[in-house]
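# Structural overview
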Amino acid sequence: MTLEPGMGDSTTLTGMRCPYCAAADTRVIDSRPAEDGREVRRRRVCPGCDHRFTTYERAQLPLLVGKRDGTTDPFELAKVRSGIERALGGREIAPGVIDDILERVEAAAHDAAPQVASEEIGRIVLDGLKQADEVAYLRFASVYKDFQAAQDFEKEMATLDD
Ligand SMILES: [Zn+2]
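Here is a short report on the structure shown in this document. (Residues numbered from 1 in each chain as written. Predicted model: local features only at pLDDT ≥ 70, side-chain atom pairs only at ≥ 80, totals over all residues. Heavy atoms only, no water.)

As a packed pair, helix α1 (residues 77–88) and helix α4 (residues 134–143) sit with axes 8 Å apart at the nearest point and diverge in direction by 110°. Comparing their axes, α4 and α1 come out roughly perpendicular. For the pair α1 and α4, contact is made by Gly83, Ile84, Ala87 and Leu88 and by Ala136, Arg139, Phe140 and Val143, respectively. By residue class, the composition of the contact of α1 with α4 is six nonpolar, one polar and one charged. (Axes fitted to C-alpha atoms, helices over the stretch in contact; angles between N-to-C directions. Helix = DSSP H or I, 4+ residues; strand = E, 2+ residues; numbered from the N terminus. Parallel < 35°, antiparallel > 145°, perpendicular 65-115°, else oblique. Contact = heavy atoms within 4.5 Å. Nonpolar A, V, L, I, M, F, W, Y, C, P; charged D, E, K, R; others polar.)

The next thing to look at is the pattern of salt bridges. Summed over the entire model, instances satisfying the criterion amount to ten salt bridges. Between Glu119 and Arg68 there is a salt bridge, with its nearest N and O atoms 3.3 Å apart. In this pair, Glu119 sits in helix α3 (residues 118–132) while Arg68 sits in the loop between β4 (64–66) and β5 (72–74), placing the two residues 51 residues apart along the sequence. Among the residues examined, Glu119 registers a relative accessible area of 28% and is labelled partly exposed. Residue class for Arg68 comes out partly exposed when judged on its relative accessible area of 45%. With a shortest N-O distance of 3.9 Å, Arg81 and Glu85 are connected by a salt bridge. Taken together, the positions of Arg81 and Glu85, both in helix α1 and four residues apart, correspond to about one turn of that helix. (Salt bridge = Lys/Arg side-chain N within 4 Å of Asp/Glu carboxyl O. Buried < 20%, exposed > 50% of the residue type's maximum accessible area, 1.4 Å probe, protein only.)

Note that strand β2 (residues 39–45) and strand β3 (residues 52–58) share seven bridges and pair antiparallel. Looking at β3, one finds that Arg41 is bridged to Tyr56. Here β2 folds back onto β3, and the loop between the two strands holds six residues, one of which, Asp50, carries a positive phi near 70°. (Pairing = 2+ DSSP bridges.)

So this is what it looks like as structure tokens:
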């Protein structure tokens, strides 16, 4: 029998490798909800070396980014970060700015689950950069693909005078 991640159908053998001796399987000896039910903690024992350890299971929402052309991509925060960094082209911005923006993007994506619009992500990034660094903001606005349409870009430029 092949066990794929998340496909285990046995209550005793789970396909979770022992972190101590690397035995291929371990047994669950206790399983209880934690974090107000958002997490399940399992106490496991290795039949090979008798070591005990704990695993934490959390729901992973399959978040998607909906693009303008109607297609979707898996939501990846790392992609958003590299998009911002690429657009900034090495321009130094205050430490923490990108992290703050990414936190807001992540929160918005989870609120919009299972799908967040790429324009929404772009808007949050622009918003965060506008407050932090005008040049970075303009660079991102001009590079970010959803703002390439001249009209969008002009609209963004116009709001700079606020
Ligand atoms: Zn072991």
